[in-house]
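Observations on the model geometry
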Amino acid sequence: MNARTLRVFAALSLSLTALGAAAQEDGVLDSAVVRNRLYKPAGHPELSLSVGLPVQTHLTAHYFFDVGLAYNLFDTFALEARAGYAVSRQTGLARSISESFLDREDKRVTDELEDMWRMNLHGVVGARWAPIYGKISLVADIPVHFQTYLWAGGGLTNLKRQSVIQCSQVVDRAAGVCDNRTAVDDRGSATENYWVKESRVAPVVSAALGFRFFIKEQHGIRLELRDWIFEDSYRVNLLRDDWEAGRTTGEPAGSPGLTHLVQFDLGYTFSF
């Protein structure tokens, strides 16, 4: 997960460098714009709404809906609180693993999978540093002013997890059914499943690289690449006979590592 996140950020950084070089060569980037800012956020509070989409999905997928309240202490520095909810689901790959696992006789002792926790409610407080202010003419005679910024902060999140290994009530082992569906081949008819579920509240750290494009004095569009990071946890050395009998089994993994949820955020900001 760490390597994948680094590749995403590296690719974005290279793209931004190329865009800046091209803008300078074409004469569309105003070298004096930093000294003559058209938009000065300092002293203004702002409200933002954003939607986050997953950059990549493996076993889980998240769709974030956040609201933020910030105060710009300076033109280049602001404090911001963000809160919201993430709609999450297991992917088709996770469902395929769970259905094929029930009939595996060679997996009577096994480990849970990593990175299966899903975020929902969350809140973070952080700082936004915007060292770059510029202007690009996207089309003739229509200049677009923007800020490039870094964001970092932390807070708490509510996490939930549904196992793809532990089924407490096997309905059809050969077909991989662990729910109350009315027909074996009709997964959509199920209203309840019997996979073991967990929930917890945990610290979360968030970091972002973003752009804010100014639309007149009070309005703006924000584009971000944001990473949500929290500690993973899962159990190892689980015994099938125990979990199917409803007993807790296994022990916590010694070094579970960190989970990264990398999102592309599209947002709107209103400055008061």
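Structure's up top.
Now for a description of the structure that goes with this document. (Residues numbered from 1 in each chain as written. Predicted model: local features only at pLDDT ≥ 70, side-chain atom pairs only at ≥ 80, totals over all residues. Heavy atoms only, no water.)

Within the structure shown, the criterion is met by 20 salt bridges. For the salt bridge of Arg222 with Glu80, the shortest nitrogen-to-oxygen distance reads 3.5 Å. With Arg222 in strand β8 (residues 219-231) and Glu80 in strand β3 (residues 77-90), this pair connects stretches of sequence that are 142 residues apart. Neither Arg222 nor Glu80 differs from the other in exposure class; each is buried. When salt bridges that share partners are traced, they join Glu46, Asp66, Glu80, Arg82, Arg128, Arg212, Arg222, Glu224, Arg226 and Asp265 into one network. (Salt bridge = Lys/Arg side-chain N within 4 Å of Asp/Glu carboxyl O. Helix = DSSP H or I, 4+ residues; strand = E, 2+ residues; numbered from the N terminus. Buried < 20%, exposed > 50% of the residue type's maximum accessible area, 1.4 Å probe, protein only.)

Along the chain, Arg82 turns up in strand β3. Looking at Arg82, its side chain comes within polar contact range of the side chain of Ser50, at 3.3 Å. Within the structure, the side chain of Arg82 is placed 3.3 Å from the side chain of Asp66, a separation counted as a polar contact. When residues no more than four places from it in sequence are discounted, the contact partners of Arg82 are Ser50, Asp66, Val67, Gly68, His122, Gly123, Val124, Trp151, Arg222, Glu224, Arg226 and Asp265. (Polar contact = N/O pair within 3.5 Å; in protein donor to acceptor, adjacent residues only side chain to side chain. Contact = heavy atoms within 4.5 Å.)

With that settled, consider the environment of Leu69. The topology assignment puts Leu69 in strand β2 (residues 60-72). In this structure Leu69 comes out as exposed when scored by relative accessible area, which is 52%. Leu69 sits 10 residues away from Leu79 along the chain, and the two C-alpha atoms are 8.5 Å apart. Contact partners of Leu69, with chain neighbours within four places excluded, come to Glu46, Leu79, Glu80 and Ala81.

This part is about helix α2 (residues 92-101). One turn of an α-helix holds 3.6 residues; hence residues three or four places apart share an orientation. Residues of α2 that are buried: Ala94, Ser98 and Phe101. Projection of α2 onto a plane perpendicular to its axis shows the buried side chains occupying an angular sector of 70°, all on one side. Against β3, β4 (109-110), β6 (142-167), β7 (195-215) and α3 (240-244) lie the buried residues of α2. (Arc of directions from axis to C-beta.)

Sheet topology places strand β1 (residues 45-54) next to β2; 8 bridges connect them, and they run antiparallel. Within the sheet, the bridge partner assigned to Ser48 lies in β2 and is Gly68. (Pairing = 2+ DSSP bridges.)

This part takes up a nonpolar patch on the surface. On the surface, Val51, Leu53, Phe65, Tyr85, Val87 and Leu121 cluster together into a nonpolar patch covering about 530 Å² of accessible area. Those elements giving two or more residues to the nonpolar patch turn out to be β1 and β3. With respect to the helices and strands, Tyr85 occurs in strand β3. (Patch = residues over 30% accessible without salt bridge, like charges linked within 9 Å, V, L, I, M, F, W, Y side chains within 5 Å. Areas by Shrake-Rupley, 256 points an atom, 1.4 Å probe, with all protein chains shown as cover.)

Summed over all chains, the structure comprises 1 disulfide. There is a disulfide in this structure between Cys167 and Cys178, and the S-S distance comes to 2.0 Å. Linking Cys167 and Cys178, the disulfide has an S-S dihedral of approximately 100° and is accordingly described as right-handed. Here Cys167, found in strand β6, pairs with Cys178, found in the loop between β6 and β7; they are 11 residues apart in sequence, far enough to count as distant. Judged by relative accessible area, Cys167 falls into the buried class, the value being 0%. Owing to a relative accessible area of 1%, Cys178 belongs among the buried residues under this scheme. (Disulfide = S-S within 2.5 Å.)

According to the stated counting rule, one finds 8 aromatic pairs in the structure shown. On the basis of an interplanar angle of 45° and a centroid distance of 6.2 Å, the ring pair of Phe146 and Phe213 is categorised as tilted. Highlighted residues: Phe146 in strand β6 and Phe213 in strand β7, separated in sequence by 67 residues. Taking the relative accessible area as the measure of exposure, Phe146 reaches 9% and is therefore buried. Through successive ring pairs, a cluster of aromatic residues spans Tyr39, Tyr133 and Phe214. (Phe/Tyr/Trp six-rings, centres within 6.5 Å; stacked < 30°, edge-to-face > 60°.)

The next point concerns the nonpolar core. Formed by 15 residues in total, the largest nonpolar core has its most connected members in Phe64, Met119, Leu159, Trp228, Phe230 and Leu261. Those elements that place two or more of their residues in this core are β5 (117-139), β6, β7 and β8. It is β5 that contributes the most residues to this core, 4 residues altogether. Those residues in contact with Leu261 that sit more than four places away from it in its chain are His62, Phe64, Met119, Arg226, Asp227, Trp228 and Phe230. Leu59, Ala94, Val164 and Trp243 belong to the second-largest nonpolar core, a separate cluster that totals 8 residues. (Core = buried A, V, L, I, M, F, W, Y, C linked by side-chain atoms within 4.5 Å.)

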